[in-house]
Amino acid sequence: MSRTLRLLALASSIAYAPTFGSAVASELTPQAINAAPLDVIPATYTPTLKNIDPIITASTTEMPVDTAAIALPFDTNTPSASVARLQVLLDRAGASPGVIDGLDGGNLRSALAAYETMRGLPSDGKIGPQVISAIEDPNQVIGSYVITSNDLSTVVGVIPKDYAQMAQMKYLGYATPTEALAERFHMGEDLLKALNPQAQFVEGETIFVSDLGVNKKGKAVSVEVDKAKGQLRAYAADGSLLVAYPATIGSESNPSPSGTHTVKTVVINPDYTYNPKVNFQQGNNDKVLTLPPGPNGPVGTVWIDLSEPTFGIHGTPEPSRIDKSGSHGCVRLTNWDAEELAKLLANDVPVKFL
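Residues numbered from 1 in each chain as written. Predicted model: local features only at pLDDT ≥ 70, side-chain atom pairs only at ≥ 80, totals over all residues. Heavy atoms only, no water.

**Student:** Tell me about the overall build of the protein, and please be specific about residues and values.
**Tutor:** When helices and strands are tallied, the protein shows 10 helices and 13 strands. For the protein, the proportion of its 354 residues judged to be buried stands at 51%. Residue pairs at least 24 apart in sequence account for 63% of intrachain contacts in the protein once pairs closer than 6 positions are excluded. For the protein, the exposed surface amounts to about 16200 Å²; the carbon and sulfur share of it is 53%. (Helix = DSSP H or I, 4+ residues; strand = E, 2+ residues; numbered from the N terminus. Buried < 20%, exposed > 50% of the residue type's maximum accessible area, 1.4 Å probe, protein only. Contact = heavy atoms within 4.5 Å. Areas by Shrake-Rupley, 256 points an atom, 1.4 Å probe, with all protein chains shown as cover.)

Have a look at this one:
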């Protein structure tokens, strides 16, 4: 997936300030994000507590919101223009924050720590003058884009959850145009819609999206899969950190392998063979099934096969859940990060699990 866009001048007439359920939400317009200061982001991530509804949670107590922890434009449960800008800047640098959604959290802080390593700064994931000075860029982070027929050609409608039904399809594409466009520009659908409140997301329409620049180039000679940090890191021949991505790495019931393994092959847009005797039990399916390729397939748009049998590094149909839910033993990345990594790898590159 190319990040190269033909970006148009921003239209100053469009303005929208969603609240996302909070009075402290910062304005999420293209202009606001492009001009958003980074020094208003707290140095460390402290999540704002949510009210707990006892009817929904069956809890008999409520957890109050800590108003003292809210620093405008931050309620950490609410998208921030400053965080969205920082996420795009990190994405450009090869320190992926995962989905660009304007929300602070663990993936953002891990990306910050990786960026600090890239720049020779103390790797603590904290925001301060040195980090801000290094990453600041006067260029826009949100630009405009004209939707093409190719963008919409991958939209196939609702994707079933059952593997037997998925196996009957020809292509496991996107359910909606907003899903397709959000993934192309590494965004959460909510942020895409907030930036384009009047959009119909049809061919020929101009919308606002992340201005991502170009894919990282180079050659990775080694890979680390850090289970504790939920991050995959690839290194260049000189030992420098080339890219870092948030990753879902196995689970308690299906742990990833340990030790060092190697890349056997890289497959783009792979089919997926489901074998309950080798992999896992999905629903009531007890027979071998071949699922077609597509971004909403079980392994997304990339399969990087490892020398450890049945294990690999791959994409995902649910990018927002990266490092938030378990995998079936493999290393799961967003589709766009897996695609970028695939171009940096060659056969026999060592992959070390930490």
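Moving on from the model shown.
**Student:** With reference to specific residues and values, describe the sheet that holds strand β11 (residues 312-314).
**Tutor:** Spatial ordering of the open sheet is given by β5-β4-β3-β13-β7-β10-β11-β12-β6, a layout of 9 strands whose pairing is mixed. Every other strand in the sheet has two partners, leaving β5 (241-246) and β6 (248-249) as the edge strands with one partner each. Note: β11 against strand β12 (residues 331-332), 2 bridges, orientation parallel. Bridge pairing in β12 links I313 to V331. Helix-sheet contacts for helix α4 (residues 106-118) involve β4 (231-235) and β5, and the interaxial angle to β5 is about 175°. (Pairing = 2+ DSSP bridges. Axes fitted to C-alpha atoms, helices over the stretch in contact; angles between N-to-C directions.)

**Student:** Describe the pairing of β5, naming the residues involved and giving the relevant values.
**Tutor:** Among the 6 residues of β5, 6 are classified as buried, and the element is accordingly described as predominantly covered. Hairpin remark: β4 followed by β5, antiparallel, with 5 residues in the connecting loop; positive phi at G239, about 90°.

**Student:** Could you give an account of the packing of helix α3 (residues 81-93) against α4, with specific residues and numbers?
**Tutor:** Between α3 and α4, the shortest axis-to-axis distance is 10 Å and the interhelical angle comes to 45°. Comparing the axis directions of α3 and α4 gives the class oblique. The handedness of the crossing between α3 and α4 is left-handed. Of α4, the residues touching α3 (which contributes V83, L86, Q87, L90 and A93) are L108, A111, L112, Y115 and M118. Grouping the amino acids of the contact of α3 with α4 by side-chain chemistry returns 9 nonpolar, 1 polar and no charged. (Parallel < 35°, antiparallel > 145°, perpendicular 65-115°, else oblique. Left-handed = near helix turned anticlockwise from the far one by under 90°. Nonpolar A, V, L, I, M, F, W, Y, C, P; charged D, E, K, R; others polar.)

**Student:** I'd like a description of helix α8 (residues 177-184), backed by residues and values.
**Tutor:** Burial analysis of α8 places 6 of its 8 residues in the buried class, the great majority of the element. Restricting attention to buried positions, one finds in α8 the residues T178, E179, A180, L181, A182 and E183. Against β1 (142-146), α6 (149-152), α9 (189-195), β2 (206-210) and α10 (335-344) lie the buried residues of α8. Backbone geometry just downstream of α8 places H186 in the positive-phi region, at approximately 60°.

**Student:** Run through the pattern of salt bridges, naming residues and quoting values.
**Tutor:** Per the stated rule, a full pass over the model turns up 9 salt bridges. As a salt-bridge pair, D151 and R184 come within 2.6 Å of each other at their nearest N and O atoms. In this pair, D151 is assigned in helix α6 and R184 in helix α8, connecting sequence segments 33 residues apart. (Salt bridge = Lys/Arg side-chain N within 4 Å of Asp/Glu carboxyl O.)

**Student:** Mind laying out the nonpolar core, listing which residues take part and the relevant values?
**Tutor:** With 45 residues, the main nonpolar core has I33, L86 and L90 as its most contacted residues. Counting only elements with at least two residues in this core, the list comes to α3, α4, α5 (129-135), β1, α8, α9, β2 and β5. The element that contributes the greatest number of residues to this core is α3, accounting for 8 residues. (Core = buried A, V, L, I, M, F, W, Y, C linked by side-chain atoms within 4.5 Å.)

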